[in-house]
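One letter stands for each residue in the lines below.
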Amino acid sequence: MTTWFESADDAAARLRAAGYLTDDATALTAYLAGALEKPLLIEGPAGVGKTELAKAVARATGAELVRLQCYEGLDEARALYEWNYKKQLLRIQASQATSRQSDSSWSETHDDIFTEEFLLTRPLLSAIRRGEPTVLLVDEVDKTDVEVEGLLLEVLSDFQVTIPELGTVTATRRPFVVLTSNASRELSEAVKRRCLFLHLDYPDAERERAIVTSQVPGLDHKVAAQLVDVVVRLRELELKKAPSIAESVDWARTLIALQVGDLDEATVARTLGVVLKHASDQQRAIKELKLAVG
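Attention here is on the structure that accompanies the text. (Residues numbered from 1 in each chain as written. Predicted model: local features only at pLDDT ≥ 70, side-chain atom pairs only at ≥ 80, totals over all residues. Heavy atoms only, no water.)

### Quick notes on the overall build of the protein
- A tally of regular secondary structure across the protein gives 14 helices and nine strands.
- In terms of C-alpha radius of gyration, the protein reaches 24 Å, well past the compact-globule figure of 19 Å for 294 residues.
- For the C-alpha atoms alone, the extent of the protein along its principal axes is close to 85 × 45 × 35 Å.
- Across the 294 residues of the protein, 45% fall into the buried class.
- Residue pairs in contact within the protein that sit at least 24 positions apart in sequence constitute 75% of those at least 6 positions apart.
- If you sum the accessible surface of the protein, you get close to 14,800 Å²; carbon and sulfur atoms cover 49% of it.
- Of the charged side chains in the protein, 35 are positive and 46 negative, and the gap between their average positions amounts to 4 Å. (Helix = DSSP H or I, 4+ residues; strand = E, 2+ residues; numbered from the N terminus. Rg over C-alpha atoms; globule rule 2.2 N^0.38 Å. Buried < 20%, exposed > 50% of the residue type's maximum accessible area, 1.4 Å probe, protein only. Contact = heavy atoms within 4.5 Å. Areas by Shrake-Rupley, 256 points an atom, 1.4 Å probe, with all protein chains shown as cover. Lys, Arg positive; Asp, Glu negative; His and termini not counted. Charge placed at Lys NZ, Arg CZ, Asp CG, Glu CD.)

### Some details on helix H2 (residues 24-36)
- The terminal C-alpha atoms of H2, which comprises 13 residues, lie 18 Å apart, in line with the 18 Å expected from a rise of 1.5 Å per residue.
- On its buried face, H2 sits against helix H1 (8-17), strand S1 (40-43), helix H3 (50-61), strand S8 (176-181) and strand S9 (196-199).
- Phi for Glu37, located one or two positions after H2, is positive at around 55 degrees. (Expected span 1.5 Å × (residues − 1).)

### Description of the layout of surface pockets
- Each pocket or cavity is described by its volume, and for the largest pocket that value is around 560 Å³.
- As for the largest pocket, its lining consists of 30 residues, and the residues nearest its centre are Val48, Gly49, Glu52, Ile245 and Ala246.
- Those elements that provide at least two residues to the lining of the largest pocket are H3, helix H10 (205-215) and helix H12 (245-257).
- Class assignment of the residues belonging to the lining of the largest pocket gives a composition of nine nonpolar, ten polar and eleven charged. (1 Å grid on protein atoms, 1.4 Å probe; cavity = no way out; pocket = protein on both sides within 12 Å on 5 of 7 lines; lining within 4 Å. Points joined across faces, edges and corners; volume = space filled by probe spheres on them. Nonpolar A, V, L, I, M, F, W, Y, C, P; charged D, E, K, R; others polar.)

### Observations regarding the nonpolar core
- Ranked by size, the top nonpolar core spans 35 residues in total, and within it Leu124, Val138 and Leu179 carry the most contacts.
- Elements with a contribution of two residues or more to this core: strand S2 (64-69), strand S3 (81-83), helix H7 (123-129), strand S5 (134-139), helix H8 (146-158), strand S6 (160-163) and S8.
- Looking at this core, the element that brings in the most residues is H8, giving five residues.
- In contact with Val138, not counting residues within four places along its chain, are Leu68, Cys70, Leu124, Leu152, Val178, Leu179 and Thr180.
- In this structure, Leu234, Leu237, Trp251 and Leu291 belong to the second largest nonpolar core, which totals 26 residues. (Core = buried A, V, L, I, M, F, W, Y, C linked by side-chain atoms within 4.5 Å.)

### Regarding the environment of Asp281
- Locating Asp281 in the fold gives a position in helix H14 (residues 279-288).
- Overall, the relative accessible area of 2% leaves Asp281 in the buried class.
- Along the primary structure Asp281 and Gly62 are separated by 219 residues, whereas in three dimensions their C-alpha atoms are 40 Å apart.
- Apart from residues no more than four positions distant in its own chain, Asp281 is found in contact with Leu239, Lys240, Lys241 and Leu276.

Structure, rendered in structure tokens:
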């Protein structure tokens with residue numbers, strides 16, 4: 001059994017050392033996910049640090065990160081495993097070239113081509129088979145079809161994968177599993193029941209200032225406060241895409257590169273492209289915040 005964190009305080013301290021500042025609820029849930037060996041489902045808007053939390057757990061514990069990026073159309077072959085059909089075909093052709101195919105020789109060839117040599121492992125199976133500490137990140141699970149959730153149930157319930165031709169592969173060391181969702185659709189109760197749940201939202205201004213200044217040490221505290229104030233106001237607007245925490249950090253680095261000592265309206269207007277990636281969002285921000293464009 002892997003000990004991921006000794007306590008919630010230990011989780012907070014080690015994640016902080018890995019560059020991820022947590023609140024109390026996040027630290028506690030990260031600790032419990034490891035202690036109970038339960039998958040952790042993190043839900044919230046894009047850009048609040050869901051994916052980064054999984055990466056930070058891997059960094060903090062020295063574990064390998066295995067990531068399954070979900071998307072519409074994802075299937076078993078891309079999530080679990082598939083057979084190397086080209087290599088299997090070559091083996092069959094080689095067998096045909098050396099002997100006439102009787103029923104018995106075909107049976108031998110069939111058994112031969114469904115072995116480890118011809119198996120292509122994908123993220124879910126790779127994470128299950130690893131003997132070293134592993135963080136399995138199933139990213140943006142809400143983007144997949146509902147049917148894909150069925151593929152996850154065996155993994156989330158028993159940490160095992162069944163391959164009809166080879167049998168059942170059971171984890172010798174359970175991975176730390178993190179599923180993220182932007183809540184674009186409701187996940188099934190079967191998946192939720194197997195997970196601990198954490199909702200992440202944008203941090204309050206004080207914690208975002210702490211995050212920004214920890215990531216960009218050279219940023220003036222006055223500019224950091226100004227930046228976070230503008231970001232908070234932007235998130236209150238009805239935008240296509242609100243600024244993420246990572247974009248706040250990018251903005252801070254931009255201001256250092258421009259040697260900005262005071263984030264005035266003109267500077268905000270000319271650097272909006274760092275945090276707002278839609279022209280309509282930039283236009284709305286300029287109008288609503290009454291920014292001077294020169």
